[in-house]
Every structure is written in structure tokens, then in C-alpha cells.
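Summary of structural features
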Amino acid sequence: MSNVIIVGAQWGDEGKGKIVDLLAEKADMVVRFQGGNNAGHTLVVGGKKIVLHLIPSGILHKNVACIIGNGVVIDLDVLQQEFENLTSHGYSIDPERLRISENAHLIMPYHKVLDQLSEKQKGDQKIGTTCRGIGPAYIDKVARDGLRAGDLIDFKSFETRLREVMNFKNALIEKIYGGKTLEVDPILKSMQQHREWLLPYLCNTSVAIHKAQLQKKHILFEGAQGTSLDVDHGTYPYVTSSNTVSGAACTGAGIGPKDIDRVIGVIKAYTTRVGSGPFPTELHDDIGDTICKNGNEFGSTTGRQRRCGWLDAVFLRHAVRVNGITDIAMTKLDVLSGLKEIKICTAYERNGEKSDTFISDINMLGASKPIYETFAGWPAFSAQPKSIEDCPTQVQHFLKRVEELAEAPVTMLSTGPDRLENLVSTSYF
Ligand code: GDP
Ligand code: IMO
Ligand code: MG
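Here is a short report on the structure shown in this document. (Residues numbered from 1 in each chain as written. Chains lettered and ligands numbered in written order. Predicted model: local features only at pLDDT ≥ 70, side-chain atom pairs only at ≥ 80, totals over all residues. Heavy atoms only, no water.)

**Some thoughts on the overall build of the chain**
Each helix and strand counted, the chain has twelve helices and 20 strands in total. Taking 2.2 N^0.38 as the reference for a compact globule, 429 residues should give roughly 22 Å; the C-alpha atoms of the chain span a radius of gyration of 22 Å, in line with that estimate. When the backbone C-alpha atoms are referred to their principal axes, the chain occupies close to 65 × 50 × 40 Å. With the model as given, the accessible surface of the chain reaches about 18200 Å², and the carbon-plus-sulfur share is 50%. (Helix = DSSP H or I, 4+ residues; strand = E, 2+ residues; numbered from the N terminus. Rg over C-alpha atoms; globule rule 2.2 N^0.38 Å. Areas by Shrake-Rupley, 256 points an atom, 1.4 Å probe, with all protein chains shown as cover.)

Here it is as C-alpha cells:
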């Protein structure tokens, strides 16, 4: 039995979906534990691409049970679309394969409206959210004003709570933001429709996971977003509204910390970021454009162009510490092929002082200049490397230095989007 957590160790979009799909081949269960449909996890199998926003990336393997845990916020319209999309690709979804926590909070239409209005009101200071209602849904969870999936069971009480909550939300929308109020009845009607198909999927998912643990199953916990977007450990306030680090797997799935065997941190061989906020190694030149083009760096959820830059080992060391990363999975190594030189930021310089630890103050971080080490580039891979020794020596030097700087081993390399384009040097289960 093994419990393995997979988290993003940068600003999201590191390729977590691909890694989870790959490892799911040997797993029995995959659990999503935080975030919502701000996530876009891309799987490419036999040239076919599927992007998942809420359903765990183990769903393409028919013997893998999938769980949406209590820490996730769910937009039922999106979940229903995802069911339809998977079905149209020939993957069946039923309550045997997918279980949804009754305690997961719902993203309601007013959350999406409030997300947009809040961004508009912030103007230049906007976070650059996905406008999927994630922040407002988590606000309501913590304020104890949220509606949970399980609340749909007793629909009369659901209606009473919704009417109460919407009185307040409509006042907020209209009086504070000057927006257009929402009608309760169409929302109620749509929730009643969702209730029909959703109820068979609901259960106490913590119990389901515990049962799998007692049966010595292999379980993957799939993170969304990345460490630098964590509401505590990221570049606050330019973050998402959940904890994205490995510890959130315990609270968001309902398991204890003693159960965790391994934590895989996924990184790109460089860095990308979508949305606003400081990004010390961002490239505003031709190299940045080349990386963006070669890596097809456009968001899987919103289609926005991702900002691109060099790998930042200061952030990476921080991610290794706050997540307890035991293994690094590095993706998109192929994207850097053909560049003359490749850089890694090893420390920052600010006001003549050098620092190699994470800076949480965004103004100080914004004023910090990266200090780089430069590496020779490598040619394109002529074939899929079968071992590290098979890789060009330049790649080997680059990886060795990443491991030294990160203080964690790179045990998986991804050299293309397809499930088969990998080099794995350990057994995770
Ligand atoms: P996630 O949110 O962490 O699951 O990552 P996304 O799916 O949002 O973004 C990662 C993108 O990179 C997707 O389009 C993947 O298909 C693609 N990808 C993953 N690994 C590799 C790789 O090793 N090389 C290349 N070229 N693309 C990759
Ligand atoms: P995956 O799981 C990359 C970013 C948004 C914005 C900030 C807050 O695919 O890696 P939110 O809508 O969460 O309130 O937006 O977080 N963001 C992501 N960036 N990948 C993601 O998910 C992201 N989810 C949110 O762009 O900067
Ligand atoms: Mg993504």
C-alpha cells in the first residue's frame, strides 16, 4: 500500500494531470482534494487530448476509483459538462467509478458574478483570477455561509438557505458593486435538476478512502494549482483561495498525516505563471517567446497566454520544504531543446544584498533581481531516452544541479505531452 501526493511546485500548469494519469496505471484510487474548475489538467493518450477541471486524472483508467474530496469546490454545470465530454470520448462515469464528498462546497452562480465584480473593482490591482467563482465560494465556506453538495439531499432546507444567502449576495452585488442582481427561482430550478443526477455519487469520501487504505490499495492524491499560488505559502495576495500544498491533502480528503508515504512535486524545466503578481525570472525577450511557442503555453482553462521564465531554484527549495517533497517530476524538458544557453536562478539580489530563501513580501520580491547560473543547451531528443545516462550530457549536468539546489531527487522526466513520453527512475508504489 502507498499513499502518494502529487502537487504543483511552481505556479500551476506544471503537468500534474499528465503525471497523475501516468502513475494511475498502477494505482487503485485517485483523489482530488482542493481547488475547483480553476484547474485544467491535460491528458494526452494516443494523440487524443482531454482536459479535466474537476474529475481526477485517473478517470481514463477503468479500474481506478476516483474521488472528489471535501476540500474541492464544485460547479455542478461544469461537472455535468465534464461527464458529457468524457462520455463522448468513450469513458463511462458512474457512481462505482466516481464518488463525490457530501461536504464539498458548491460554486453558485453568484460566486462567479462576485468573482468578476471583485476583479473589476480592483482595476490595475486585479489578481487575474479565472473568474470561475473560486475565491467567493471559499469565502462562503470559511464564513459558514456556503452550500454543500450534501445540502441538496433535503431540498426544502436547501431552498430556505439559498433564499437567505441570496438576499445578502444580491445586496452585495447591487449596493456595493453596482451589479445586476440574480433571481433565485432559475437557480433553484437548475439545482433541482442537478440534484437528480448528483445524489447517487455523494458519500462520506473520507470513509471510502479509509476503506481503500485498509485494503492496502495504492492511492494518489492529486493537487491543483501550485505552491506559489498557495493562500499561505504563495505570493499573497496574487494566489488562489485554497491551500495547494501537500498538507491540504489531509484536510481536503479526510486522512491523517501519518498515512502519507511520498510527495511528488511537479515542476517544468522552466517556469510559467498565468494571472498577475511578481515573477522574478520572467523573460520579456525572444527566449521567453520561444519557450511560450515551443511549450504551447496557453492556459488549459481560460486560454490566456502564460508568462514564461527560467527555473527558479529559490522557489523550488521553498516548495520542497513546505510540501515535504520526496521526489521531483520534471516536465517539458523537450521545450528547452535547441536553446543555446539555459539558466537557473539560484538566489536574488536586492539593495546589494543576496538572499537564497523565499521572500513572501511581494514588494520585496518584485524588487529582487535573479542571480543566474548558466548551462549549455542541448539538442532535440532524437528518440525517447530510456535512462538518465541516455540523455545528452548537458541534460545530465542541468538535472544534477537542479537536485543539488532543490535538495530533492528528480525521479521522473517528461519529454512530451503524451502518456508514453517519460523517463521514470523509481517505483512509487
Ligand atoms: P496541470 O494543470 O499541472 O495538469 O498542467 P496543464 O495541463 O494545465 O499544462 C501542462 C501542459 O503541458 C499540457 O498542455 C500538457 O499536455 C503539456 N505537457 C505535459 N508534459 C509535457 C512535456 O513533457 N512536454 C511537452 N512538450 N508538453 C507537456
Ligand atoms: P492547475 O491545477 C495556473 C491562478 C489564476 C490567478 C490565481 C487566482 O491547472 O495548475 P483563482 O481563479 O484560483 O481565484 O485565480 O490563480 N490559477 C492557476 N494558474 N494553473 C491553475 O490550475 C490555476 N488555478 C488558478 O490564473 O492568477
Ligand atoms: Mg493546468
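**Quick word on the environment of Arg-195**
Structurally, Arg-195 can be placed in helix H6 (residues 184–198). Sequence separation of Arg-195 and Ile-342 is 147 residues, and the distance between their C-alpha atoms is 52 Å. In contact with Arg-195, not counting residues within four places along its chain, are Leu-152, Ile-153 and Phe-155. (Contact = heavy atoms within 4.5 Å.)

**Looking at the site of ligand 1**
Lining the immediate surroundings of ligand 1 are 20 residues, of which Lys-16, Thr-42, Ser-300, Asp-334 and Ser-414 lie closest. Contact distances for ligand 1 include 2.6 Å between an oxygen atom and a side-chain N or O atom of Thr-42. Considering ligand 1 on its own, with 580 Å² of exposed area, one finds that the protein chains cover 92% of that surface. For the shell around ligand 1, the elements supplying multiple residues, two or more each, are helix H1 (16–24) and strand S3 (41–45). Per-class residue counts for the shell around ligand 1 are three nonpolar, ten polar and seven charged. Two domains each put at least three residues into the shell around ligand 1: domain 1 (3–101 + 203–259) and domain 3 (268–424). (Near = heavy atom within 4 Å. Polar contact = N/O pair within 3.5 Å; in protein donor to acceptor, adjacent residues only side chain to side chain. Nonpolar A, V, L, I, M, F, W, Y, C, P; charged D, E, K, R; others polar. Domains from an automatic or database assignment.)

**Focus: the coordination of the magnesium ion (ligand 3)**
Coordination of the magnesium ion (ligand 3) by the protein is provided by Asp-13 (OD) and Gly-40 (O), with metal-donor distances spanning 2.0 to 2.2 Å. One end of the pair, Asp-13, is in the loop between strand S1 (2–8) and H1; the other, Gly-40, is in the loop between strand S2 (29–32) and S3, with 27 residues separating them in the sequence. We classify Gly-40 as buried; its relative accessible area is 10%. (Donors = N, O, S within 2.8 Å, 3.2 Å for Na, K, Ca; no water. Buried < 20%, exposed > 50% of the residue type's maximum accessible area, 1.4 Å probe, protein only.)

**A look at the packing of aromatic side chains**
Overall, the coordinates contain nine aromatic pairs when judged by the stated rule. Between Trp-11 and Phe-315, the ring centres sit 4.8 Å apart and the planes meet at 45°, which makes this aromatic pair tilted. Of this pair, Trp-11 sits in the loop between S1 and H1 while Phe-315 sits in helix H10 (residues 313–323), and the two are 304 residues apart along the sequence. With relative accessibility at 4%, the residue Phe-315 sits in the buried group. Pairing Trp-378 with Phe-398 gives two aromatic rings, centres 5.3 Å apart and planes at 55°, and the pair type is tilted. Residue Trp-378 is found in the loop between strand S18 (369–376) and helix H12 (393–406), and its partner Phe-398 is found in helix H12; the two are separated by 20 residues along the sequence. Each member of the pair, Trp-378 as well as Phe-398, is classed as buried. (Phe/Tyr/Trp six-rings, centres within 6.5 Å; stacked < 30°, edge-to-face > 60°.)

**Examining the nonpolar core**
Counting 58 residues, the largest nonpolar core has Ile-74, Leu-79, Phe-158 and Leu-162 as its most contacted members. Shared between two domains, this core holds at least three residues of each, these being domain 1 (3–101 + 203–259) and domain 2 (105–198). Judged by nonpolar contacts, the second largest core, of 52 residues, contains Val-7, Ala-269, Tyr-270 and Val-335. (Core = buried A, V, L, I, M, F, W, Y, C linked by side-chain atoms within 4.5 Å.)

**Some words on the sheet that holds strand S15 (residues 327–331)**
Strand pairing in a sheet relies on backbone hydrogen bonds, with the paired strands running either antiparallel or parallel. Spatial ordering of the open sheet is given by S9-S7-S5-S2-S10-S1-S11-S15-S19-S20, a layout of ten strands whose pairing is mixed. Every interior strand has two partners, whereas the edge strands, strand S9 (202–203) and strand S20 (422–424), have only one. As paired elements, S2 and strand S10 (residues 218–222) share four bridges and run parallel to each other. Within S10, the position partnered with Val-31 by the bridge is Phe-221. (Pairing = 2+ DSSP bridges.)

**Observations concerning unusual backbone geometry**
Following Tyr-236, the chain continues into Pro-237 via a peptide bond in cis, with omega recorded as 5°. Phi at Cys-131 takes a positive value of approximately 60°, unusual for a residue other than glycine. Tracing the backbone shows Cys-131 in the loop between helix H3 (109–122) and helix H4 (134–143). In this structure, Lys-216 takes a positive phi of about 60° despite not being glycine.

**Considering the site of ligand 2**
As a structural note, the neighbourhood of ligand 2 is formed by 20 residues, with Asp-13, Lys-16, His-41, Thr-130 and Thr-240 the closest of them. Contact between ligand 2 and Asp-13: an oxygen atom at 2.8 Å from a main-chain N or O atom of the residue. Contact between ligand 2 and Asn-38: an oxygen atom at 2.9 Å from a side-chain N or O atom of the residue.

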